[in-house]
Amino acid sequence: MRTGSSVASKGPLVLADACGADLVQVHLSAPQQWRDPIVRADAAELRTSGRVGAVHAPYLVNPASATEAVRDKSWHSLQVQLDASASVGAAGLVVHAGQAGPKGTLEEATERWLEGITRLRGDVPLLIENTATGQAAPGRHLESWIALVQAVRAEATGVQIGVCLDTCHAFAGDPAAAADPTGWVTEVRERLGGIDLLHVNDSKDEGGAGRDRHEALGDGKMGDALAAMVIAARAPAAVLETPGDDERRAADLAFLDEVARDVVTA
């Protein structure tokens, strides 16, 4: 299992080397804005490095939104992000499963995904990530997340659909994951044919709290559940999204690399 970290967009390989990361995850545009990616001067360097484990789509992207304008912006953003991800040689584009809002339903959330997924074209896989919060959020609990990925895969014609599992989101979002982390992750892996990417984060909150607050590895509430999830996932790649400076990130990577010795990748 290759390991790495989410890093800032400017000089990502230099930042990775500073903390000892093999892989990087980057944003190619402002994560909290509807801005398209710009052409990067280092695109060729990133592409040939083979170290861009993932690009993360802007956090505003929500294909399940009850608001049509948000859905339209989301599908546009995903297309331009897929194109930009290919230019830097990314192994995948991560997007949150989203939510239908306080008055919506899981069924409506999935239907909205299916209405737009056929718009997308690209050679970079779209990795749907589980989530920890939200009303009518199809990525929050085991069955609804699996059902969403399966439905989107069946409908998608121009892009491959993969899976990104976030350990904090699973633990804090679904009480079942906190109660049986190995079983929960194993079921995801077996029913979806594997997990393409792990986001490895501890949780500031207790299991099932419904809050998305990442913590440095070993400093949160997950305890042994964290290593259990990493081992059970059998993923080919894992990246940190933990808080802290380079020194702390290097310590988290050392922790992750120790756990990774027990991982048998699918």
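Residues numbered from 1 in each chain as written. Predicted model: local features only at pLDDT ≥ 70, side-chain atom pairs only at ≥ 80, totals over all residues. Heavy atoms only, no water.

### Considerations on the overall build of the protein
Argument step 1. Looking only at helices and strands, one finds 10 helices and 10 strands in the protein.
Argument step 2. Since a compact globule built from 266 residues should have a radius of gyration of about 18 Å, the 17 Å found for the protein is in line with a globular shape.
Argument step 3. Long-range pairs, those at least 24 residues apart, make up 75% of the contacts in the protein with a sequence separation of at least 6.
Argument step 4. Carbon and sulfur atoms make up 49% of the accessible area of the protein, which amounts to about 11000 Å² in all. (Helix = DSSP H or I, 4+ residues; strand = E, 2+ residues; numbered from the N terminus. Rg over C-alpha atoms; globule rule 2.2 N^0.38 Å. Contact = heavy atoms within 4.5 Å. Areas by Shrake-Rupley, 256 points an atom, 1.4 Å probe, with all protein chains shown as cover.)

### Observations regarding the pattern of salt bridges
Argument step 1. Here the structure, examined in full by the defined rule, presents 15 salt bridges.
Argument step 2. In this structure, Glu 206 and Lys 221 form a salt bridge, with 4.0 Å as the shortest nitrogen-oxygen distance. With Glu 206 in the loop between β8 (202-203) and β9 (214-215) and Lys 221 in the loop between β9 and α9 (224-233), this residue pair connects regions lying 15 residues apart in the sequence.
Argument step 3. Judged by relative accessible area, Glu 206 falls into the partly exposed class, the value being 49%.
Argument step 4. Note on Lys 221: relative accessible area 43%, which makes it partly exposed. (Salt bridge = Lys/Arg side-chain N within 4 Å of Asp/Glu carboxyl O. Buried < 20%, exposed > 50% of the residue type's maximum accessible area, 1.4 Å probe, protein only.)

### Here we look at helix α1 (residues 12-19)
Argument step 1. By the burial criterion, the buried members of α1 are Pro 12, Leu 13, Ala 16 and Cys 19. The arc enclosing the buried residues of α1, seen along the axis, measures out at 130°, which places them on a common side. Counted as exposed and oriented over 90 degrees from the buried face of α1: Val 14 and Asp 17.
Argument step 2. Tucked inside the fold, the buried residues of α1 contact β2 (23-26), α2 (43-49) and α10 (246-260).
Argument step 3. Directly beyond the C-terminal end of α1, a positive phi value near 80° is found at Gly 20. (Arc of directions from axis to C-beta.)

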